[in-house]
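Single-letter residue listing:
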Protein chains: 2
Amino acid sequence: MYTIGQVSELFGVPISTLRYYDREGLFPGLERTSGIRRFGERELEALRVIECLKRSGMEIKDIKQFMLWCAQGKETYPERLELFRRQKAAVEAELHQLERTLDMLRFKCWYYEQALAQGGEEGIIDLLPEEIKGAYDRAHRD
Amino acid sequence: MYTIGQVSELFGVPISTLRYYDREGLFPGLERTSGIRRFGERELEALRVIECLKRSGMEIKDIKQFMLWCAQGKETYPERLELFRRQKAAVEAELHQLERTLDMLRFKCWYYEQALAQGGEEGIIDLLPEEIKGAYDRAHRD
DNA sequence: TCTTGACCTAAAGTTAGCTTTAGGTGTTAT
DNA sequence: ATAACACCTAAAGCTAACTTTAGGTCAAGA
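Residues numbered from 1 in each chain as written. Chains lettered and ligands numbered in written order. Predicted model: local features only at pLDDT ≥ 70, side-chain atom pairs only at ≥ 80, totals over all residues. Heavy atoms only, no water.

Enquirer: Help me get a handle on the protein's contact with DNA strand D, residues and values and all.
Expert: T17(A), T3(B), R19(B), R32(B) and R37(B) are the nearest of the 18 residues found near DNA strand D. With respect to DNA strand D, the side chain of R23(A) contributes an N or O atom lying 3.5 Å from a base oxygen. Separating a phosphate oxygen of DNA strand D from a backbone N or O atom of I60(A) is a distance of 3.4 Å. Secondary structure elements with two or more residues in the surface near DNA strand D: α2 (15-23) of chain A together with α1 (4-11), α2 (15-23) and β2 (36-38) of chain B. (Near = heavy atom within 4 Å. Polar contact = N/O pair within 3.5 Å; in protein donor to acceptor, adjacent residues only side chain to side chain. Helix = DSSP H or I, 4+ residues; strand = E, 2+ residues; numbered from the N terminus.)

Structural data, given as structure tokens:
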């Protein structure tokens, strides 16, 4: 069992944030001894999942829903699976989007390298190499 | 030349947002005829870049800085290149992070498919297939 | 004893990125 | 002439995810 300070150290998450998560219902069934929070293995795993789901762009209130489902037992397996499937699809879409953003950034880097080298922006587009051209085109269509 | 309403239609960005961007200095040198904003090719390209940089996670105030550099001419090529290089690195890091998040989500999907199939969570970890195991391990280390 | 340190709460404050509101101008269709 | 539009501004409001503040409890060490 860990105190809030220890968990904060372990995960590098501010104490105020842990308390906030608790307030928001992200640790349903968190134990207390005379008012003091006691974090067990269950809460540590919860925190790992919270960090993952947050990185995936999920909102706190939806993470709370998941934690409630976990506390409810086997009957909620389908809901939990559905949630992870949806989130997986969302992250895949986001990854794809980011790849195209990266294409645009690659193009812009190349562009300013050229501008810097030739001391101006005149006619840069004409000497677009094939590989950068691909990036440029991908970045400009939806 | 386009009015704010036309640009809003073209890009699918709310008029209020375009005015907000203008207020924040994202269109330095935007023309006006008797108070009314006139968007030209320069502003459309700016908007394309804004959308890209926003997707890359850049804040409005940093995008503003870039637009100011553009308005300043050739002397700021180095700054602009630096900005795009930094942002490219940031997006590459974010992509890597998201891949690991996806690994965790893949693992969770597999996990709940198993739990659902066998009606419980007992001993699931023991039958982790190699491919999922990799995902699980990657997702749990920093 | 007293003070230091780790915990607690409720409530107010913060930040980014918008959106909404309230009120006003100028042109065009009825 | 009057109403409908598309534009304008300043300022207030909103949401998410925290953080800060102000005040309080309790146990251990000097």
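Enquirer: With reference to specific residues and values, describe the protein's contact with DNA strand C.
Expert: Contacts to DNA strand C come from 18 residues, most closely from T3(A), R19(A), R32(A), R37(A) and T17(B). Backbone atoms, meaning sugar plus phosphate, form 78% of the atoms of DNA strand C positioned within 4 Å of the protein. A distance of 2.3 Å separates a phosphate oxygen of DNA strand C from a polar atom in the side chain of T17(B). At the level of secondary structure, the elements contributing two or more residues to the surface near DNA strand C comprise α1 (4-11), α2 and β2 (36-38) of chain A together with α2 of chain B. Here the surface near DNA strand C takes five residues from α2(B), the largest share from any one element.

Enquirer: Break down the relation of the copies chain A and chain B for me, with residues and values.
Expert: Taken as rigid bodies, chain A and chain B are interconverted by a rotation of 180° and an axial shift of 0.0 Å, the fit giving an RMSD of 0.1 Å. Taken together, the turn and the small shift mark the pair as related by a two-fold rotation axis. Among all C-alpha atoms of chain A, that of L95(A) lies closest to the rotation axis, at 3.3 Å. Interface overlap between copies is the fraction of interface residues in one copy that are interface residues in the other; for chain A against chain B it reaches 100%, indicating a shared surface. (Least-squares fit on C-alpha atoms with pLDDT ≥ 70 in both. Contact = heavy atoms within 4.5 Å.)

Enquirer: Describe the packing of helix α3 (residues 41-55) of chain A against helix α4 (residues 60-72) of chain A, naming the residues involved and giving the relevant values.
Expert: Residue and element names in this part refer to chain A. Between α3 and α4, the least distance of the axes is 10 Å, while the angle of their chain directions is 140°. α3 and α4 meet at a crossing whose hand is right-handed. Here α3 contributes A46, V49, I50, L53 and K54 to the contact with α4, which in turn contributes I60, I63, F66 and M67. (Axes fitted to C-alpha atoms, helices over the stretch in contact; angles between N-to-C directions. Left-handed = near helix turned anticlockwise from the far one by under 90°.)

Enquirer: Account for the environment of E94(B), with residues named and values stated.
Expert: All names here are of chain B. Within the secondary structure, E94 is located in helix α5 (residues 77-118). Residue E94 is classed as partly exposed on the basis of its relative accessible area of 34%. C-alpha separation for the pair E94 and S56, spaced 38 residues apart in sequence, amounts to 8.9 Å. (Buried < 20%, exposed > 50% of the residue type's maximum accessible area, 1.4 Å probe, protein only.)

Enquirer: Report on the interface of chain A and chain B, specifying residues and quantitative values.
Expert: Contact residues are listed per partner, giving 41 residues for chain A and 41 residues for chain B. Between chain A and chain B the total buried area reaches about 3,900 Å² when both faces are included, carbon and sulfur atoms providing 73% of it. Applying the counting criterion to the chain A and chain B interface returns eight salt bridges. The interface formed by chain A and chain B contains 10 residue pairs in polar contact (both at pLDDT 80 or more). Among the secondary structure elements, those contributing two or more residues to the side of chain A that touches chain B are α3, α4 and α5 (77-118) of chain A. Sort the elements by how many residues they give to the side of chain A that touches chain B and α5(A) lands first, with 26 residues. (Buried area = accessible area lost by both parts, 1.4 Å probe. Salt bridge = Lys/Arg side-chain N within 4 Å of Asp/Glu carboxyl O.)

Enquirer: Can you explain the packing of aromatic side chains? Please cite residues and give values.
Expert: In this structure the tally under the stated criterion is 16 aromatic pairs over all chains. A centroid spacing of 5.8 Å and a plane angle of 15° characterise the contact between F84(A) and Y112(B), whose relative ring orientation is stacked. Here F84(A) is found in helix α5, whereas its partner Y112(B) is found in helix α5 on a different chain. We classify F84(A) as buried; its relative accessible area is 1%. Using a relative accessible area of 3% as the deciding quantity, one classes Y112(B) as buried. Where Y112(A) meets Y77(B), the ring centres are 6.0 Å apart and the plane angle is 50°; that geometry is what we call tilted. Here the residue Y112(A) occupies a position in helix α5, and Y77(B) occupies one in helix α5, the pair thus bridging two chains. (Phe/Tyr/Trp six-rings, centres within 6.5 Å; stacked < 30°, edge-to-face > 60°.)

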